[in-house]
Amino acid sequence: MLDFPFVKKRDPELSNTVTVETKKLNVHYGSSHALKNIDLTLYEKTITAFIGPSGCGKSTLLRCINRMNDTIANAKITGDILIDGVNIHADTIHATGLRKHVGMVFQKPNPFYKSIFENIAFALRIHQTPKKDIPVIVEDSLKRVGLWEEVKDRLHESALQLSGGQQQRLCIARTIAMNPSIILLDEPTSALDPISTEKIEKLLQTLKQDFTIVIVTHNMHQAARISDYTAYFHLGNMIEIGHTEQIFTTPAQTKTEDYLSGKFG
Ligand SMILES: Nc1ncnc2c1ncn2[C@@H]1O[C@H](COP(=O)(O)OP(=O)(O)OP(=O)(O)O)[C@@H](O)[C@H]1O
């Protein structure tokens, strides 16, 4: 048994509605085999953490779910990815439409060089949201990430004046404004201080009431604190996935136990 004091009792009534399924998913970058036969299931309105040593394929898998790997010239993807039962590589699925449904937040906050308001309004306009609805959605999105009170008097100032933590919450607000069903986060707090990190962790706990969330993290305590499920990856293989409490206390695989107990990685 691993000593993991941060593990909280999980809700036994977790959703069992499948949102994302990968079947025999393989990714090659040229001759390098980055993901090997991944069979993964993600459940609606839960948080799943991807953990594992650097280079094991966590970000690659995350990028498969909204087809961001399509933009990488030497990436070859085989196998199936289903979202709500639909094959995301089907001819009828357009990557831009998919990315509206599957939002992504990156490691480094990346607000546009625009005002706080425009950071959210910009994409809404591109997606032809009626003009009168835009201020309402901007306000609602900022409220949902707990930023409204901090920025309501300076909505038209540059987003770059915000702190790193505020910028990251703005990026999350920008993502949820598009009303996705899945949010992918690639190490969203690794550039933030502990207080900003705690705010984002609390925010994710609230957002999982409405969204299916996947987070890549190198912070084992973070995975234990906030996720319902944890998947452990090693050299392109998914070694195991399970309820976070089980993975951190009684992992089924020795490789997982070795990693969690700090033997390598
Ligand atoms: N665009 C790319 N071109 C070529 N190889 C790549 C590319 N992106 C990733 N790789 C390789 O694929 C493997 C998996 O990388 P990936 O970034 O998915 O791992 P990771 O687990 O997210 O790593 P980290 O924790 O360091 O971010 C690595 O060997 C990496 O070098």
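Residues numbered from 1 in each chain as written. Predicted model: local features only at pLDDT ≥ 70, side-chain atom pairs only at ≥ 80, totals over all residues.

Engineer: Is there a simple way to think about the overall build of the chain in this case?
Structural biologist: On a plain count of helices and strands, the chain comes out with 10 helices and 10 strands. At 19 Å, the chain has a C-alpha radius of gyration in line with the 18 Å of a compact globule built from 265 residues. Put simply, of all contacts in the chain between residues at least 6 apart along the chain, 70% involve residues at least 24 apart. (Helix = DSSP H or I, 4+ residues; strand = E, 2+ residues; numbered from the N terminus. Rg over C-alpha atoms; globule rule 2.2 N^0.38 Å. Contact = placed C-beta atoms within 7 Å.)

Engineer: How do you make sense of the packing of helix H3 (residues 116–126) against helix H4 (residues 134–144) when you look at a structure like this?
Structural biologist: Think of two packed helices as two axes; the pair is described by the angle between the axes and how far apart they sit. Orientation of H3 relative to H4, taken along the N-to-C sense of each, is 130°, at an axis distance of 10 Å. Put simply, H3 runs oblique to H4. Seen from above, H3 lies across H4 with right-handed handedness. The residues of H4 that touch H3, namely those facing Phe-117, Ile-120, Ala-121, Leu-124 and Arg-125, are Ile-134, Ile-137, Val-138 and Ser-141. The residue makeup of the contact of H3 with H4, split by class, is seven nonpolar, one polar and one charged. (Axes fitted to C-alpha atoms, helices over the stretch in contact; angles between N-to-C directions. Parallel < 35°, antiparallel > 145°, perpendicular 65-115°, else oblique. Left-handed = near helix turned anticlockwise from the far one by under 90°. Nonpolar A, V, L, I, M, F, W, Y, C, P; charged D, E, K, R; others polar.)

Engineer: Looking at this structure, I do not really get the site of the ligand. What am I missing?
Structural biologist: Within the structure, the ligand sits among 13 residues, and Tyr-29, Ala-34, Ser-54, Ser-59 and Thr-60 are positioned closest to it. At the level of elements, strand E2 (32–43) and helix H1 (58–65) are the ones that each hand at least two residues to the shell around the ligand. Take the shell around the ligand: its biggest share by element is three residues, from H1. (Near = placed C-beta within 6 Å.)

Engineer: Which parts of the structure should I look at to understand the sheet that holds strand E6 (residues 102–105)?
Structural biologist: Pairing between sheet strands relies on hydrogen bonds along the backbone, with the strands arranged either parallel or antiparallel. Strand order in the open sheet made by the six strands is E6-E7-E8-E3-E9-E10, with mixed pairing throughout. Looking at which strands have only one partner, the edges of the open sheet turn out to be E6 and strand E10 (237–243). Direction aside, the axes of adjacent strands within the sheet are offset by 15° on average. (Pairing = 2+ DSSP bridges.)

Engineer: Can you walk me through the pairing of strand E8 (residues 212–216) in this structure?
Structural biologist: Successive residues of a regular strand alternate their side chains across the two faces of the sheet. With five of five residues buried, E8 is to be regarded as a mostly interior element. Burial along E8 is two-sided: the face carrying Thr-212, Val-214 and Val-216 and the face carrying Ile-213 and Ile-215 are both buried. As judged from the four bridges shared by strand E3 (residues 47–51) and E8, these two strands associate in the parallel manner. The residue of E8 that forms the bridge with Ile-47 is Ile-213. Bridge count for strand E7 (residues 182–186) against E8 is five bridges, and the pairing is parallel. Residue pairing for E8: Leu-184 is matched across the bridge by Val-214. (Buried ≥ 20, exposed ≤ 12 C-beta atoms within 10 Å, placed from the backbone.)

Engineer: When you look at the UniProt feature "domain: ABC transporter" (unreviewed entry) in the chain in this model, what are you seeing that I'm missing?
Structural biologist: Here, UniProt's "domain: ABC transporter" (unreviewed entry) annotation points to residues 20–260. Helix makes up 37% of residues 20–260 and strand makes up 27%, while its end C-alpha atoms are separated by 26 Å. (UniProt positions renumbered as here; feature names shortened; annotations may be inferred.)

Engineer: Would you explain the confidence of the model for the chain in this entry?
Structural biologist: The predicted structure's coordinates, where accompanied by low pLDDT, should not be read in detail. Model confidence for the chain is summarised by a mean pLDDT of 93, while 95% of its residues fall at 70 or above. Across residues 1–5, confidence stays below pLDDT 50; counting only partners more than four residues off in sequence or on other chains, it has 10 contacts. For this predicted complex, the interface score ipTM comes out at 0.98, while the overall pTM is 0.94. (pLDDT = per-residue confidence, 0-100.)

Engineer: I tried to follow the environment of Ile-88 on my own but got confused; where do I start?
Structural biologist: Within the fold, Ile-88 resides in the loop between strand E5 (86–87) and helix H2 (95–101). The sequence separation of Ile-88 and Asn-66 amounts to 22 residues, and the corresponding C-alpha distance is 8.3 Å.

Engineer: Looking at this structure, how should I read the sheet that holds E5?
Structural biologist: What the four strands build is an open sheet, ordered E2-E1-E4-E5; its pairing is antiparallel. Looking at which strands have only one partner, the edges of the open sheet turn out to be E2 and E5. In this structure, strand E4 (residues 75–83) lies alongside E5, joined through two bridges in antiparallel fashion. Paired with Leu-82 across the two strands is Asn-87, which belongs to E5.

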